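# Inside the fold
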Amino acid sequence: MTSRKPDNDDDRKDDDEVEDFHVEELIDRPFSRLLAGRLLKYLRPYRRMVLLSMILIICSTVLTLIGPLLVKEAIDGPLSRSIGSEQASSETGALLTELAGQVGLESIDKESDDQQRIGWMWLIAGCYFSILMMQLLIQYIQTMVLEITGQSVTKDLRMEVFAHLQKQSSSFFHRNPVGRLVTRVTNDVEALNDLFASGFVSLAGDLLAITGIVAMLFWTNAELASMVLLVTPLVVVATTVFRKFARKHYREMRRRLAHLNAYTQESISGMEVVQVCRREEQQAQRYSRINGTLREAHLNSIFWYALFFPTVEILSVIALVTIVIQGGARIDAGTATFGEFFLFWTYLTRLFSPLRDLAEKYNLLQSAMASSERIFGILDTDSSLPEPVVVVDADDRSVARTGEIRFDQVSFSYDGKTPVLENLSFTVGSGETIAVVGATGAGKSTIINLLLRFHDPDSGSISIGDRDIRDQSLASHRERFGLVLQDVSVLSRTLEDNIRFDRDLDRDRITWALEQVRGSSIVARQKLGLEEPMMERGRTLSSGERQLISFARALAGDPQILVLDEATSHVDTETEALIQDAIDRLVKGRTSVIVAHRLSTVRKADRILVMHHGQLREEGGHDELVALDGIYARLVKLQFGKS
Amino acid sequence: MLAAGVLLILVTSICQVAVPRLIGVAVERMETGVGLDLVIPVAMAMLGAVLIRGVTSFWARKTVIGSSRRIEKRLRDRMFQHIEQLDGSFHAKLHTGDLMSRFNSDVEAVRMVFGPAIMYSVQTVFILIFTVTLMLQIDWQLTLWSLFPLALITMTVRFIGPLIHNRSMRGQEMLADISVHAQENFANSPVVKAFVVEDAEIDRMNRLSHTYFQQNIRIAQLRAFTGSAFSLFGDLALVTLLLVGGLRILSGELTLGEFATFNGCQLLLIWPMIALGWVMNLFHRGAASAERIQAILDATPAVDDSKARPEHQIRVGGISFDQVCFRYPEAEEPTLEQISFDLPGGQTLGVVGATASGKTTLLNLIPRLSPTDSGNIFIDQVPIEHYSLDSLRGSIAMVPQEPFLFSATIADNISFGVDHASMDEIVEVSRLVRMHDEIGKFPDRYDQRVGERGITLSGGQKQRIAIARAILQRPQILILDDVLSAVDSETETTILEGLRKWTQDLTALIVTHRLSAITHADEILVIDEGRIVERGNHRDLLDKKGRYHKLWRRQTVEGELEDLE
């Protein structure tokens, strides 16, 4: 958080605002062997695929190298009238001669007639064409193999992170903002996909192509090759410099675009306020200013692009000019042939793109390193609660069927310093409904968190049906509960799936649960009934309807114990009556713990626990507690209404 | 600007085509064996050509792409200014997300037309003209043979490009699904744990990941095909040249130098031929986007100053509704029917009714956030259309149901509606809404940023800041739409009492669910399904023992206690 200095003018302020947007994903990390090694392990299940694609890459590189050689053979062979048969001394030449022999062609010499030469041309073109077809096939298969490998690894990694997060305790989710965790399973994993699909293996492919071409150049004419290759380091340097600046500018653009988007979004959402306050002009001016900073960032980055492409072009023509002059001199002197001249020319055009790719791959590697570090950071933190060594099996759950809850001298603190609950003891009898009341921060929600074992108490014990909840597996413990939280979570799935919530429940059960909470009218209102997809956060539903859906969700599982954190948000009186009615039906015949905010709910409870600063201060029925004229009586006056 | 760009591209293209031509000349000279002395000038000419080309293409890019960025900026500015003029019905029809994609992907698509599409299409046309002329001068049949495989490249891009684009868009949607699932799962982790559905949630993620995986493979197939096709067709051009050109060399119709020229031209043409297909797609996409943008720019504001007369100014702020009806564009039922009432200046009107009974809609009509369908609204006996929007909205301050704060400082948020506000004034209104002490506890006090990058305020704090913003405008008419729902009733009472003192000759409209807030109102309207069902002051309404009375009893503790007996 940077505090704004008073003398900042408006433009500076905008720059400040630009600062923090999406910075995280733009951080780089230098190559680390440790991280790379760990990433490579994810390739292990696919090692056959990787091996296959390596072999295919080698084949395809070799095939790419052969094409230009054939052109050279053609130019120095059948197309040349000045040279003799000694030209066919190369490997390719020898192979071709053998092949030619099989189709009944003689080797070329000065006296060969046109018929022979034409036959040779057809032969060479035919070879080249078949190589092309092979190459098309190999390249396609190779790309697909790599792509499937990369995508599979990405998927594995995503699932590993997601599954790992499912096991984390509630405190983990308190520490880590949801948005950041979502980035781990989406953007960070995607960054690694780039690395797996086009990084590791095609890096090898590029290196192979470069080595192959350089080797061929030297093999053909070492002297000429060493002169021509002088420019290649320059290409690498130019590309590296360009990438560095382009990346810097790209980030700047991203940052400013994010800022512009945030501003646009905000202006659209707040349009009514803007219009009623007559601030249209000021808003538009500010928009134009932020928009202007984005334009400047774009214009700055054009410079580097405009500089880079011509530079590489100039370097490649310099290499070409070298071939023309040096090659020309050698052809003149008879130490080189026209075929070699063409060979150099063709190879050079094919050398530049893998060279440029190399710099690109390095950037890819850097952002992938940063992403993988963040992902491994998540995988290396494990805050899941300990499972018992001896799991109480299903038979023993019958003991717990009584559903009696006992808190015994429970103390707890979230940060290890400030106690939230102190020596809390109470019992809830089987089938009893208790209401927990108290001011904000009194520790009401913490009781729920401990009861469901989102955290374990620092001292004391919680038991259900005389059995410590830590002696049971988390799953069998939590399966007893139906939970309804304040913030109602309507998910973007169908209405039916929102109530089913991934459990194994049939439709009858869902319809029944909706009927029980008097929520059937919600279904009737939807075009597709139960199949109606819900918007994110249930935007199309009223707050009362959202509440009823979460009730139905809890009820559908037929829980033994109901835990309800009542919503505080204000709903109109009729909806409130509807909700109250639903709560009455929910608690019937179940042990229920309700963190209550409405007087009507509180009064209907069998017993009321009054929490104050982490301690249980009063306990009893409504009238009893009002008569006590203590904290509860004050709460009733303050919170539940006014006289 | 454009002419300069085209000229620069022209020079660039000439220099580009010069290189293969010069290589041809060089090879011819080598072939005839006239010696190195004649080759070196040709090489130097090549170097010269590429240097000139470097300079011109640098400027061409800066000119064309630069102007496209300027056009982009102007277009966005214009769109922004335009949507600011549009009324609520426009914003209700178009989701924020859709509007955002007009500002982003659609503007970008149009920008691509003015930038890269123009640059590369001009360049491609020039290069095609020059190379084809050059090649035709040498041998027209060989020209056709050489161009054929290259044309296949253009076709590949033209027809597979849009497929890749569509599949990628679909892929992005799938990634968004994954993101939504993760987001919902993490945000609701207590519920997920309590229902013990972690494994089912993992399964769901697995399914989503798998569809995304399959889509990516489908995209990869197309990419792999185009990638292989480019190198195939490029090499195919070489094979064709080798065979057809070779045979012509043998028959003496072609020299090796001319062969080299052809080879150079082919190498030169590969990228422009790819660009040609790409550019066609850009134009196609750009046209669709331009249409969508035009639709926004063509939307006419339903509320404007066409009937306004400058002499009208709001003085007292008396409001009358006469038979006002309103229906949302796509709704079947009208939201407001035959609403009539008279609110003399300086008085307070309370409005109550169930959720979605039309209260908010009624309030929105007064500052003309939406136009009425029929009936008239008068302020000081003058139809509201006769005031300019500036003078009408300048006299009204409105606090919407969902308080909206900008991600700026608290002081900026409070002073949003006025041109200049002194710190004293800001503090004064903050005191009035009982926020001053709380603001004092923030690390940066009034300079504390809120929202996206600042602190998160509670619902009640947001509501009070929104009220402070409204009263700082010192309006004649104050409209409060259920603005203190998240504040406890004691604070609410204090704030409302403070407001009453501050706003003695101010006309106020207060919508609320909490009846205690409007017991002092001069008149109260009870609205149900868009109609006024009861009206009168608090006492009258209680005596009527109707709907208002029922609501009142439910809301008071006494009422509840009576129910018990």
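Please read these numbers as outputs of a predicted model, since none were measured by experiment.

## Structural notes on the overall build of chain A
Across its full length, chain A carries 22 helices and 10 strands. Across the 643 residues that make up chain A, the buried fraction comes to 41%. Sequence separation of 24 or more characterises 78% of the internal contacts of chain A that already satisfy a separation of 6 or more.

## Some details on the domain arrangement of chain B
All names here are of chain B. What the domain assignment reports for chain B is domain 1 (1-139), domain 2 (140-253), domain 3 (319-332 + 357-521) and domain 4 (533-565). Relative to domain 3, the C-alpha centre of domain 1 lies at a distance of 54 Å. Between domain 1 and domain 3, the residue contacts involve five residues of the former and six residues of the latter. Here the side of domain 1 that touches domain 3 is built from residues that sort into one nonpolar, two polar and two charged.

## Some remarks on the interface of chain B and chain A
With 114 residues of chain B at the interface, the matching set in chain A holds 112 residues. Ranked by the residues each element gives to the side of chain B that touches chain A, the list is headed by helix α7 (residues 198-250) of chain B, at 28 residues. Looking at side-chain class alone, the side of chain B that touches chain A contains 60 nonpolar, 30 polar and 24 charged residues.

## Quick look at helix α4 (residues 96-138) of chain B
For α4(B), built from 43 residues, the straight-helix expectation of 63 Å at 1.5 Å per residue is met to within 8% by its first-to-last C-alpha distance of 60 Å. The sharpest bend along α4(B) reaches about 40° and sits at B:M112, with the proline B:P116 one to four residues further on.

## Description of the environment of B:M44
Residues and elements named next belong to chain B. As for its position among the elements, M44 is in helix α2 (residues 36-85). Using a count of 14 C-beta atoms within 10 Å as the deciding quantity, one classes M44 as partly exposed. Distance in space between the C-alpha atoms of M44 and R223 is 40 Å, their sequence separation being 179 residues.

## Remarks on the confidence of the model for chain A
Interpretation of this model should avoid reading the predicted coordinates in detail wherever pLDDT is low. Residues and elements named next belong to chain A. Looking at chain A as a whole, its pLDDT mean stands at 79, while 85% of the residues score no less than 70. Here helix α1 (residues 10-18) is the element of chain A with the lowest mean pLDDT, 36, and strand β1 (residues 405-412) is the one with the highest, 90. Ignoring residues within four places in sequence, the model shows residues 1-23, a span with pLDDT below 50, making 21 contacts including any to other chains.

## Observations concerning the sheet that holds strand β1 (residues 319-326) of chain B
All names here are of chain B. Across the sheet, four strands lie side by side as β2-β1-β4-β5; this open sheet has antiparallel pairing. Single-partner strands in this sheet number two, and they are β2 (336-343) and β5 (382-383). Of the strand pairs in this sheet, β1 and β2 are connected by five bridges, and their pairing is antiparallel. Its bridge partner lying in β2, I319 is registered against L343.

## Considering unusual backbone geometry
Phi is positive for A:D558, which is not a glycine, with a value near 45°. Summarising the element assignment, A:D558 is placed in the loop between α18 (543-556) and β7 (561-565). One non-glycine residue with positive phi stands out, namely B:R368, at about 60°. By the element assignment, B:R368 lies in the loop between α9 (359-365) and β4 (374-379).

## Side note on the sheet that holds β1(A)
All names here are of chain A. Strands sit in the order β2-β1-β4-β5 across an open sheet of four strands; the sheet is antiparallel. On the outer flanks of this sheet lie β2 (421-428) and β5 (467-468), each paired with one strand and no other. Relative to β5, strand β4 (residues 459-464) runs antiparallel, the two sharing two bridges. Across the sheet, S463 pairs through a bridge with D468, a residue of β5. Against the sheet, helix α13 (residues 444-451) touches β1, β2 and β4, its axis set at about 115° to β1.

## Some remarks on the pairing of β4(B)
Residues and elements named next belong to chain B. For β1 and β4, the ladder comprises five bridges, and the chain directions are antiparallel. Across the sheet, the residue bridging to D322 is N376, located in β4. Where β4 meets β5, two bridges bridge the pair, whose relative direction is antiparallel. Bridging across to β5, I379 finds its partner in V382. Joining the antiparallel neighbours β4 and β5 is a turn of two residues, in which D380 adopts a positive phi near 50°.

Conventions and cut-offs
- Residues numbered from 1 in each chain as written.
- Chains lettered and ligands numbered in written order.
- Predicted model: local features only at pLDDT ≥ 70, side-chain atom pairs only at ≥ 80, totals over all residues.
- Helix = DSSP H or I, 4+ residues; strand = E, 2+ residues; numbered from the N terminus.
- Buried ≥ 20, exposed ≤ 12 C-beta atoms within 10 Å, placed from the backbone.
- Contact = placed C-beta atoms within 7 Å.
- Domains from an automatic or database assignment.
- Nonpolar A, V, L, I, M, F, W, Y, C, P; charged D, E, K, R; others polar.
- Expected span 1.5 Å × (residues − 1).
- Bend = angle between axes of the 7 residues up to and from the residue.
- pLDDT = per-residue confidence, 0-100.
- Pairing = 2+ DSSP bridges.
- Axes fitted to C-alpha atoms, helices over the stretch in contact; angles between N-to-C directions.

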